[in-house]
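What the coordinates show
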Amino acid sequence: MSSGVPRTVKAVDTLELLRLDAEAIECGLNRNHGAGWLVEFADSEAVHYLRPVLVHQAAHHPEFSPHWRCMLLLTMRDGQQVFSLLDVLPASFEYLPETLDAATKSEITHRLEHGGLLTQAQWADLNP
């Protein structure tokens, strides 16, 4: 993990996740879910979790570099949690409030790194 990213986990509701995904699409960043995908498949009432893991440089979009590649614990409409990635601008991540205690952050980090989660792509293949 890069030392340039915050060592934290932040909770986001689905509306905020949709805003971050739209921002990634607008900025031409990688690891977005495609226009409309989250609206269709993410649980609209769930809380999702973002954990920055590395500083990413986009040579094709220097105006949006660097940005943070985040691990995403995403709750789907069927209640299943899956692993995904989302590129987030540093200012957008910093804007998100810190609402989780240390134990919850550790639990989410463990699930993301060792939880045997399906990836978003695997879930999509199983749920056409």
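Please read these numbers as outputs of a predicted model, since none were measured by experiment.

1. Re the overall build of the chain
- For the chain, the count of helices and strands is 5 helices and 4 strands.
- Its helices and strands in sequence order give the chain the pattern β-α-α-β-β-β-α-α-α, from N to C terminus.
- The burial tally for the chain puts 46% of its 128 residues in the buried class.
- The contacts of the chain with a sequence gap of at least 6 include a subset with a gap of at least 24, amounting to 68%.
- Surface summary for the chain: the accessible area is close to 6,600 Å², and the carbon and sulfur share equals 53%.

2. Regarding the nonpolar core
- By size, the foremost hydrophobic cluster in this structure holds 24 residues, and its most contacted members are Leu50 and Leu74.
- Setting aside chain neighbours within four positions, we find Leu74 in contact with Leu17, Trp37, Leu38, Ala42, His48, Gln80, Gln81 and Val82.

3. A word on the pattern of salt bridges
- Tallied over the full model, the rule gives 5 salt bridges.
- The residue Lys105 makes a salt bridge to Glu98 at a minimum N-O spacing of 2.7 Å.
- Judged by its relative accessible area of 19%, Lys105 falls in the buried class.
- Connected through salt bridges with shared partners, the residues Glu16, Arg19 and Glu23 form a single ionic network.

4. Side note on the side chain of Thr75
- Checked against the element boundaries, Thr75 lands in strand E3 (residues 67–75).
- At 3.4 Å, the side chain of Thr75 and the side chain of Gln81 are in polar contact.
- Ignoring sequence-local partners within four residues, the contact set of Thr75 consists of Ala42, Asp43, Ala46, Val47, His48, Gln80 and Gln81.

5. Considerations on the sheet that holds strand E2 (residues 47–56)
- Spatially, 4 strands are ordered E1-E2-E3-E4 in an open sheet, and the strand pairing comes out antiparallel. Bordering the open sheet on either side are strand E1 (10–13) and strand E4 (81–88), each of which pairs with just one other strand. Here the strands of the sheet are splayed against their neighbours by 35 degrees on average, with no regard to which way each runs.
- Looking at chain direction, E2 and E3 are connected through 7 bridges and run antiparallel. Residue pairing for E3: Tyr49 is matched across the bridge by Leu73.
- Packed on one face of the sheet, helix H4 (residues 102–114) meets E2, E3 and E4 and runs near 90 degrees to E3.

6. Observations regarding the environment of Trp123
- Structurally, Trp123 is set in helix H5 (residues 120–126).
- Expressed as a C-alpha distance, the spacing of Trp123 and Val82, which sit 41 residues apart in the sequence, is 7.3 Å.

Cut-offs and rules
- Residues numbered from 1 in each chain as written.
- Predicted model: local features only at pLDDT ≥ 70, side-chain atom pairs only at ≥ 80, totals over all residues.
- Heavy atoms only, no water.
- Helix = DSSP H or I, 4+ residues; strand = E, 2+ residues; numbered from the N terminus.
- Buried < 20%, exposed > 50% of the residue type's maximum accessible area, 1.4 Å probe, protein only.
- Contact = heavy atoms within 4.5 Å.
- Areas by Shrake-Rupley, 256 points an atom, 1.4 Å probe, with all protein chains shown as cover.
- Core = buried A, V, L, I, M, F, W, Y, C linked by side-chain atoms within 4.5 Å.
- Salt bridge = Lys/Arg side-chain N within 4 Å of Asp/Glu carboxyl O.
- Polar contact = N/O pair within 3.5 Å; in protein donor to acceptor, adjacent residues only side chain to side chain.
- Pairing = 2+ DSSP bridges.
- Axes fitted to C-alpha atoms, helices over the stretch in contact; angles between N-to-C directions.

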